[in-house]
Amino acid sequence: MNLASLRQEYMRAGLSESDADRDPMRQFERWFEDALRAKLPLPNAMTLATVSRDGAPAARVVLLKGVEHGGFVFYTNYRSRKAREIGERAQACLVFLWSDLERQVRITGRVEKVGAADSDAYFVTRPAGARLSAWASEQSEKVASRTVLEQAMAEVKARYGDSPPRPPHWGGYRVTPTEIEFWQGRADRLHDRLLYTRDAAAWKIERLAP
């Protein structure tokens, strides 16, 4: 396996300061619409990176479920590793990779829980199996076997049927950005990188070297 020979030339598009929206949230929505039109698989998949109290990093892929109130929303178990680390350090980094469009978006910001009403409203839209597993699975904890999980699922289904309420330990988080970087692949590795950072109530745009 020769990984060193794996290469790709980036030729699809560019990103200039004059073309970029002054508001990074609107720029994100523009690029997200492009990803939807391109029919990319799971365009809302994003890597979520957190750090423990001791400074140990961890990353996993979660799904974006809303862009609202100036932030990016996802849902999870509040007892999971990611939730524990957010509780210790309420900051995170999100990365979207849309490789077919030769684009990445990196978002760094503060994390807070969304309101219970928002979590309730989203929870009822999930398929019944996903709502039941929110009760059955002690996310991030060690489990003896898959049989244990399946037994827990059966017990939850017997208790709630297909209408489980939202567990109190399950809900949403909102990442409110302090900076957002848009990366567009270009020829000869001279990629376009525009970094938006908060400057009082406005956003400042700067170009980064690739």
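Residues numbered from 1 in each chain as written. Predicted model: local features only at pLDDT ≥ 70, side-chain atom pairs only at ≥ 80, totals over all residues. Heavy atoms only, no water.

K.L.:
Could you give an account of a nonpolar patch on the surface, with specific residues and numbers?
P.N.:
There is a patch of nonpolar side chains on the surface, built from V143, V148 and L149 and spanning about 200 Å² of accessible area. Here V143 shows up in the loop between α4 (128-136) and α5 (146-160). (Patch = residues over 30% accessible without salt bridge, like charges linked within 9 Å, V, L, I, M, F, W, Y side chains within 5 Å. Areas by Shrake-Rupley, 256 points an atom, 1.4 Å probe, with all protein chains shown as cover. Salt bridge = Lys/Arg side-chain N within 4 Å of Asp/Glu carboxyl O. Helix = DSSP H or I, 4+ residues; strand = E, 2+ residues; numbered from the N terminus.)

K.L.:
Give me the lowdown on the nonpolar core, citing residues and values where you can.
P.N.:
Formed by 33 residues in total, the largest nonpolar core has its most connected members in F28, W98 and V105. Top contributing element to this core by residue count: helix α1 (residues 24-37), with 5 residues. Ignoring sequence-local partners within four residues, the contact set of V105 consists of F28, W31, L94, V95, F96, W98, I180, E181 and F182. With 7 residues, the next largest nonpolar core counts V73, Y75, Y122 and F123 among its residues. (Core = buried A, V, L, I, M, F, W, Y, C linked by side-chain atoms within 4.5 Å. Buried < 20%, exposed > 50% of the residue type's maximum accessible area, 1.4 Å probe, protein only. Contact = heavy atoms within 4.5 Å.)

K.L.:
Residue-level account of the environment of D162, with values.
P.N.:
Looking at the element boundaries, D162 is found in the loop between α5 and β7 (170-184). Along the primary structure D162 and Q91 are separated by 71 residues, whereas in three dimensions their C-alpha atoms are 35 Å apart. In this view, D162 contacts A128, R131, L132 and K157; residues no more than four positions away in its chain are not counted.

K.L.:
Please provide a residue-by-residue account of the environment of T176, values included.
P.N.:
Note on placement: T176 falls in strand β7. A sequence separation of 23 residues divides T176 from M153, and the C-alpha atoms of the two residues are 34 Å apart. Those residues in contact with T176 that sit more than four places away from it in its chain are G70, G71, T108, G109, R110 and E112.

K.L.:
Give a description of the packing of α4 against α5 that names residues and reports values.
P.N.:
The interhelical angle for the contact between α4 and α5, taken along N-to-C directions, is 115 degrees, at an axis separation of 9 Å. Relative to α5, the element α4 lies roughly perpendicular. The hand of the α4/α5 crossing is right-handed. In contact with G129, L132, S133, W135 and A136 of α4, α5 contributes A152, M153, V156, K157 and Y160. For the contact of α4 with α5, the per-class residue count stands at 7 nonpolar, 2 polar and 1 charged. (Axes fitted to C-alpha atoms, helices over the stretch in contact; angles between N-to-C directions. Parallel < 35°, antiparallel > 145°, perpendicular 65-115°, else oblique. Left-handed = near helix turned anticlockwise from the far one by under 90°. Nonpolar A, V, L, I, M, F, W, Y, C, P; charged D, E, K, R; others polar.)

K.L.:
Tell me about the pairing of strand β4 (residues 71-77), and please be specific about residues and values.
P.N.:
Across the 7 residues that make up β4, a large majority, 7, are buried. Here strand β3 (residues 66-68) runs beside β4; their pairing, made up of 3 bridges, is antiparallel. Residue pairing in the sheet places E68 in a bridge with G71 of β4. Hairpin connection between β3 and β4: a loop of 2 residues separates the two successive antiparallel strands, and H69 in this loop has a positive phi of roughly 50 degrees. (Pairing = 2+ DSSP bridges.)

K.L.:
Break down the pattern of salt bridges for me, citing the residues and quoting the values.
P.N.:
Where charged atoms from two side chains of opposite charge approach closely, those side chains can pair. By the definition in use, this model includes 20 salt bridges. Taking the shortest distance from any N to any O, the salt bridge between R81 and E85 comes out at 2.9 Å. A residue pair is termed a helical-turn pair when its members lie 3 or 4 positions apart in one helix, as R81 and E85 do in helix α2 (residues 81-88) at 4 residues. Of the charged contacts in the structure, one is a salt bridge between R106 and E179, with a shortest N-O distance of 2.8 Å. Residue R106 is found in strand β6 (residues 103-113), and its partner E179 is found in strand β7; the two are separated by 73 residues along the sequence. On the accessibility criterion, E179 (23% relative accessible area) is partly exposed. Taken together, the shared-partner salt bridges connect E17, R186, D192 and R207 into one network.

K.L.:
Summarise the packing of aromatic side chains; cite the residues concerned and give the values.
P.N.:
Summed over all chains, the structure comprises 15 aromatic pairs. Ring geometry for F123 and W170: centres 5.1 Å apart, planes at 65 degrees, overall edge-to-face. Here F123 is found in helix α3 (residues 116-123), whereas its partner W170 is found in strand β7, with 47 residues between them in sequence. You'll find F123 and W170 in the same group, each marked buried. (Phe/Tyr/Trp six-rings, centres within 6.5 Å; stacked < 30°, edge-to-face > 60°.)

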